[in-house]
Amino acid sequence: MMTYDIQPLILTFKLATVTTAILLIIAIPFAWWLANTKIRFKPVVESLVSMPLVLPPSVLGFYLLLAFSPEHWFGSWLDKELGIRLAFSFAGLVIASVIFSFPFIVHPVQAAFQNLPKSLTDAAKVLGKSNVQIFFRVLLPNIKPALISGTVLAFAHTVGEFGVVMMIGGNLPNSTRVASIAIYDEVESLHYDVANFYAGVLVLSSFAILMVVYMVNRKARK
Amino acid sequence: MIKAQINKRLIGANGSFELDVELQIAKGEFVALYGPSGVGKTTLLRCLAGLEQADQANIKFNGNTWVDTRLRINLEPQLRRVGYMFQDYALFPNMTVRGNVEFALRKGSSTHRINELIELMNLGELQHQKPETLSGGQKQRVALARALASEPSLLLLDEPFSALDTEMRSRLHNEVLRLQRSLGITTIIVSHDVSEVYKLAKRVFVMEAGRIAQHGTPADVFSAGQTSGKFRFTGEILALEPMDVLYSLTVLVGNQIVRVVAMPEEALKLSVGDAVMLVSKAFNPMILKLE
């Protein structure tokens, strides 16, 4: 009987939770801004946001690795001024995951903001409501389905991340050895049963998460 | 009192044109903006509410400057205390009927007002429902209640009754008229319905291509000062059949079908589908009062 180390699974869900929390704080206001802005270089911004969708994760990981390395000005500045090393660390993984999952939350939320009738905002304005009140009491509650699916997609996507973690995280137990990496590692060492355990947990949890989203959204539409 | 002078370049269906209007409306007055769609009526309303900015404008309300483009003054819509009824009602889908009206309350006003308005608009039974479950007329009443809940000093109604059937429309006309009189709110309604303008407004501004072409009382404007002794109806020919030495003409006027006779020389010039005007002397008609 083999004893399974559940640390990689815990690490995976910790990474996904932290990443999603950060995304909620920055991606929703950003999506709102993107839905309303009239700046000329909006296509440039939109392309940048969507890049992680089309690029191989290894490309993003490669450039982040270069930027984070102490040889690079950014990495060395972080190291010297703040004493932070992002390459091969959990903090580095979080930053990479935020960038990588950004479009998964921005896209549905931006589309939902754009589909809301403009007159809702106008109506709230003439009723004397501030922009903050309008955002939290009128706009956000009316895009709930998109918020839920965006959040869950970003979470699930972070759970499923492999290439980026491989490039910048490596395989350090308790710090960067997430489940997807552990599976690869165990298969390489021919520990198929351990790999199977990690893989099985990911399959089941992903299915459960997605099903909850679809059920909640179906209820919200009714 | 409102004094407004607004100038704005607009893009219409037939190229760009200029909205260029000057209005003066007395306190408590009920006026209408009348005209076909796309002449800038809604834009004018939105400029007054502060939802749109004019290229060049000067708007004063009860002596306070709302907009003066030369001095770069533009009071936010939040501070203008305007009640606005949108064409699509713009009810908040996440809130109940009551929630929508409550949301409009200003700080410090009592919730007593909500109950009053809900009672007044006959929304008691519906107050815990979400807007999507309501009919057009019900939504309209909620929108009106919400606009009034914010205690506006100016009420702007953008074609509020266009989606309703005649009976509901007439009931709400009476309702609005009664409210407007009892509260004394200065009110501007956008409409392209002559009977509505007649019934509600004391004064009408007729707009054409961004300008005010005419203004005065509805009676002055629509009958051009002199009452005609003839009925005039425009309609479309549905059928044209010979009948002995004459022709029988079936014409659709509004949603009524009428049959009239035509002389052969008249009928020869006509064909099915033509638009025609029927003119008849209004001498000794039967007058039946409708309940």
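Right above here is the structure, for reference.
The rules behind the values
- Residues numbered from 1 in each chain as written.
- Chains lettered and ligands numbered in written order.
- Predicted model: local features only at pLDDT ≥ 70, side-chain atom pairs only at ≥ 80, totals over all residues.
- Heavy atoms only, no water.
- Core = buried A, V, L, I, M, F, W, Y, C linked by side-chain atoms within 4.5 Å.
- Buried < 20%, exposed > 50% of the residue type's maximum accessible area, 1.4 Å probe, protein only.
- Helix = DSSP H or I, 4+ residues; strand = E, 2+ residues; numbered from the N terminus.
- Contact = heavy atoms within 4.5 Å.
- Phe/Tyr/Trp six-rings, centres within 6.5 Å; stacked < 30°, edge-to-face > 60°.
- Lys NZ or Arg CZ within 6 Å of the ring centre and 35° of its normal.
- Axes fitted to C-alpha atoms, helices over the stretch in contact; angles between N-to-C directions.
- Parallel < 35°, antiparallel > 145°, perpendicular 65-115°, else oblique.
- Left-handed = near helix turned anticlockwise from the far one by under 90°.
- Buried area = accessible area lost by both parts, 1.4 Å probe.
- Salt bridge = Lys/Arg side-chain N within 4 Å of Asp/Glu carboxyl O.
- Polar contact = N/O pair within 3.5 Å; in protein donor to acceptor, adjacent residues only side chain to side chain.
- Nonpolar A, V, L, I, M, F, W, Y, C, P; charged D, E, K, R; others polar.

Caption draft 1: Seen up close, the nonpolar core. Membership of the largest hydrophobic core comes to 127 residues, with the highest contact counts inside it found for Phe113 and Val138 of chain A together with Ile6, Phe92, Leu156 and Ile188 of chain B. A per-element tally of this core places helix 5 (residues 90–115) of chain A first, with 12 residues. With residues up to four places along the chain from it excluded, the contact list for Phe92 of chain B reads Leu120, Ala123, Ala124, Leu127 and Val138 of chain A together with Asn100, Phe103, Pro131 and Arg146 of chain B.

Caption draft 2: Region of the structure containing the packing of aromatic side chains. Using the criterion set out here, one finds 14 aromatic pairs over all chains in the structure. A ring pair is formed by Phe61 of chain B and Trp66 of chain B, whose centres lie 4.7 Å apart and whose planes are at 20 degrees; its orientation type is stacked. The exposure class of Trp66 of chain B is buried, given its relative accessible area of 4%. Among the aromatic residues, ring-to-ring pairing joins Trp32, Phe113, Phe135 and Phe136 of chain A into one connected group. Here the guanidinium or amino end of Lys14 of chain A rests over the ring plane of Phe90 of chain A, the centre of that ring lying 4.5 Å away. Its end group placed over the ring of Phe92 of chain B, Arg146 of chain B keeps NZ or CZ at 4.6 Å from the ring centre.

Caption draft 3: Spotlight on the packing of helix 3 (residues 57–68) of chain A against helix 5 of chain A. Residues and elements named next belong to chain A. Interhelical geometry of helix 3 versus helix 5 gives an angle of 135 degrees and a closest axis separation of 11 Å. Taken together, the axes of helix 3 and helix 5 lie oblique to each other. Of the two possible hands of crossing, helix 3 and helix 5 adopt the one that is right-handed. Residues Pro57, Leu60, Leu64 and Phe68 of helix 3 touch helix 5, and the partners they reach there are Gly92, Ile95, Ala96, Ile99 and Phe100.

Caption draft 4: Region of the structure containing the interface of chain A and chain B. With 18 residues of chain A at the contact, the number on the chain B side is 22 residues. With both sides pooled, the region where chain A packs onto chain B buries about 1,700 Å², and carbon together with sulfur makes up 63% of that total. Where chain A touches chain B, the interface holds one salt bridge. One salt bridge in this structure joins Arg46 of chain B and Asp122 of chain A, with 3.1 Å as the shortest N-O distance. The interface formed by chain A and chain B contains six residue pairs in polar contact (both at pLDDT 80 or more). Contributions of two or more residues to the side of chain A that touches chain B are made by helix 6 (118–126) and helix 7 (131–139) of chain A. Of the residues belonging to the side of chain A that touches chain B, the class tally is eight nonpolar, five polar and five charged.

Caption draft 5: Region of the structure containing the environment of Val49 of chain A. All names here are of chain A. Within the secondary structure layout, Val49 lies in helix 2 (residues 42–54). Owing to a relative accessible area of 8%, Val49 belongs among the buried residues under this scheme. Separated by 58 residues in sequence, Val49 and His107 place their C-alpha atoms 9.0 Å apart.

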